[in-house]
Amino acid sequence: MFVLALRSIRRRPGRFLATLLSAFLGAAIIMTFNSMHDTAAGSGVDSVSSNTLTTAASVVGGYGSLLVFFAVASTLTVNVRQRAAELELLRCSGATPAQLKRMVVGEALAVALVGAALAIGPAMLGGRALLEVFQDSGQVAESVDYSFGPIALLTGVDITLVAAVGAAFLAVRRATRGQRRRGGARTFLAYAALAAGALGVCCTFLMKATDEALMAPPAYGAILLSVGFALLSPRLLKGLLDRLALSGASGWLAVRNLRERAGELAGILMSLILFTAVATTTLTVQAVESDEVAASGLVKSVDAKNLETLNFTVVGIIVVFVCVMLVNSLYAATTYRSREFGQQRLAGATPGQVLGMVGAEGAVLTVAGVFFGTVAALAGTVPFTVVRSDAVLPGQAVGIWLAVVSVAAAVTVGTGLATARKVLRTPATEAVALAA
């Protein structure tokens, strides 16, 4: 089956480009920041510089590992679902579920290995640039030399391969076990994340405004809450659609299609929830902290500068990853619908109505993702603001939220419409015949 996996990749490499890009970016980010561990272990590195480098590697490396899994899982899930007919044909030809799992996992392993190998060069350049940023801000001594060693290489390759194999196994397992009851473990993890997030947020009120670790409980609490909502995204989307009614032919088609494809689109909703919650919380909390320090007339310590740098870096990583996940997932899912669009046009729908349907689908997904992400963000931001500044919401919150929502809407709706417009260039009869 591993031979069959390699043949499948060589025969249709285009279907694996999204997974390759996710693995490449994930490995590059992990290796870039974990090279700070190698640099901190070098000779002649002072304790302050070592602490800055180690903290950056540990915090962002952890976020990167989580995001790699979500990114690869999202693209692989779309890939496997689009190949349902192919997998079913292999089963009818005598392939067992175990053989299919080995084939899909083998494909993911090969693609992830190539992605990780391609990421080594960019990671080395990125790590060197990151070190220069720390040195320019005075957080790391100028005498520290950059080092890209075994910690960066092994963690980047290992985490990427494990994420790809795990995501592929879960995706094909769902695809090959039919309609049997599933989701118990996912539901348990979702409620566990919600409970832990709520506990973390509540711990904020037990701390003082001057505590150095005050930002940690609300930030991690909001992240855990967003993870819980993300894991429940299929149920949340179905619940929303059951209560939603849009007017017009495009609106009716959008709601109908979303209901039928709720499981497939859950990955997109998951990305939107995580992006909205983490970006809004981190940027708002950091803005409140910076304003309070400036109002007090104090100078930021090295630890405070480190934390600020990490916060903005984490948000930057999340923006890149979410954009990649959304673009990959939406592009693959929309391109795969060429036959559906062709059938709708043959049934009397105009290209404008099809584009209106795709736009309405993107708008519904964006609203749902932003709503649940905002709930998680408020749960983290409000307790921190109350304790740190005696206010409920900071003045910057609305501007930050609008910026985050604008990015989410532009990526989601824009990618869907641009891809659909490209698909609609193919004549309807040709699209139906080619996809048959």
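All figures in this text were calculated on a predicted structure; none of them were measured in a lab.

**Digging into the pattern of salt bridges**
Applying the stated rule across the entire model yields three salt bridges. Across the pair E289 and R388 runs a salt bridge, and its minimum N-O distance is 2.8 Å. Pair noted here: E289 is in helix 11 (residues 262-296) and R388 is in helix 14 (residues 351-389), with a separation of 99 residues, a long-range link. With relative accessibility at 18%, the residue R388 sits in the buried group. A salt bridge links E340 to R337; the shortest N-O distance between them is 2.8 Å. Judged by relative accessible area, which is 5%, R337 ranks as buried. Through salt bridges with shared partners, a single ionic network connects R337, E340 and E361.

**Considering the packing of aromatic side chains**
Counted by the stated rule, this structure contains two aromatic pairs. A centroid spacing of 5.1 Å and a plane angle of 80° characterise the contact between F371 and F372, whose relative ring orientation is edge-to-face. Residue F372 is classed as buried on the basis of its relative accessible area of 14%. By way of ring pairs, the aromatic residues F229, F371 and F372 are connected into one cluster.

**Considering the packing of helix 8 (residues 216-231) against helix 14**
Following both chains from N to C, one finds helix 8 and helix 14 inclined at 160°, their axes separated by 8 Å at the closest point. Regarding the angle of helix 8 to helix 14, the classification is roughly antiparallel. Helix 14 is crossed by helix 8, and the crossing has right-handed handedness. In contact with P218, A222, L225, S226 and F229 of helix 8, helix 14 contributes F372, V375, A376, A379, G380 and F384.

**Things to note about the nonpolar core**
Counting 91 residues, the largest nonpolar core has M36 and L53 as the members making the most contacts within it. For this core, the leading source of residues is helix 11, giving 13 residues. Formed by 12 residues, the second largest nonpolar core is a distinct cluster that contains F341, V354, M357 and L424.

**Structural notes on the packing of helix 7 (residues 184-203) against helix 8**
The axes of two packed helices give the description: the angle between them and the distance between them. Running from N to C, helix 7 and helix 8 point in directions that differ by 160°, and their axes come no closer than 7 Å. Accordingly, the angle class assigned to the pair helix 7 and helix 8 is roughly antiparallel. Here helix 7 and helix 8 pass one another in a crossing that is left-handed. Every residue of helix 8 that contacts helix 7 at R186, L189, A190, A193, L194, A196, G197, A198, G200, V201 and C203 is listed here: P217, P218, G221, A222, L224, L225, V227, G228, F229, A230 and L231. Of the residues belonging to the contact of helix 7 with helix 8, the class tally is 17 nonpolar, four polar and one charged.

**Focus on helix 15 (residues 397-423)**
With 27 residues, helix 15 should reach 39 Å at 1.5 Å per residue; the first-to-last C-alpha distance of 39 Å fits that figure. When helix 15 is considered as a whole, its buried residues turn out to be A397, I400, V404, V405, A408, V411, T412, T415, G416, T419, A420 and V423.

**Examining a nonpolar patch on the surface**
A contiguous nonpolar surface patch, about 230 Å² in accessible area, is contributed by F69, F169 and L170. With respect to the element layout, F169 can be found in helix 6 (residues 150-176).

**Regarding helix 14**
Because an α-helix packs 3.6 residues into every turn, residues spaced three or four apart end up facing the same way. Given a rise of 1.5 Å per residue, 39 residues ought to cover 57 Å, and the 53 Å separating the end C-alpha atoms of helix 14 matches this to within 8%. Taken from the residues just after helix 14, D390 is the one with a positive phi, measuring 65°.

**Concerning the side chain of E361**
Summarising the element assignment, E361 is placed in helix 14. A residue is classified by how much of its surface remains accessible, and E361, at 5% relative accessible area, is buried. Beyond its immediate stretch of four places on either side in the chain, E361 contacts L253, A254, N257, L258, R261 and R337.

The rules we used
- Residues numbered from 1 in each chain as written.
- Predicted model: local features only at pLDDT ≥ 70, side-chain atom pairs only at ≥ 80, totals over all residues.
- Heavy atoms only, no water.
- Salt bridge = Lys/Arg side-chain N within 4 Å of Asp/Glu carboxyl O.
- Helix = DSSP H or I, 4+ residues; strand = E, 2+ residues; numbered from the N terminus.
- Buried < 20%, exposed > 50% of the residue type's maximum accessible area, 1.4 Å probe, protein only.
- Phe/Tyr/Trp six-rings, centres within 6.5 Å; stacked < 30°, edge-to-face > 60°.
- Axes fitted to C-alpha atoms, helices over the stretch in contact; angles between N-to-C directions.
- Parallel < 35°, antiparallel > 145°, perpendicular 65-115°, else oblique.
- Left-handed = near helix turned anticlockwise from the far one by under 90°.
- Contact = heavy atoms within 4.5 Å.
- Core = buried A, V, L, I, M, F, W, Y, C linked by side-chain atoms within 4.5 Å.
- Nonpolar A, V, L, I, M, F, W, Y, C, P; charged D, E, K, R; others polar.
- Expected span 1.5 Å × (residues − 1).
- Patch = residues over 30% accessible without salt bridge, like charges linked within 9 Å, V, L, I, M, F, W, Y side chains within 5 Å.
- Areas by Shrake-Rupley, 256 points an atom, 1.4 Å probe, with all protein chains shown as cover.

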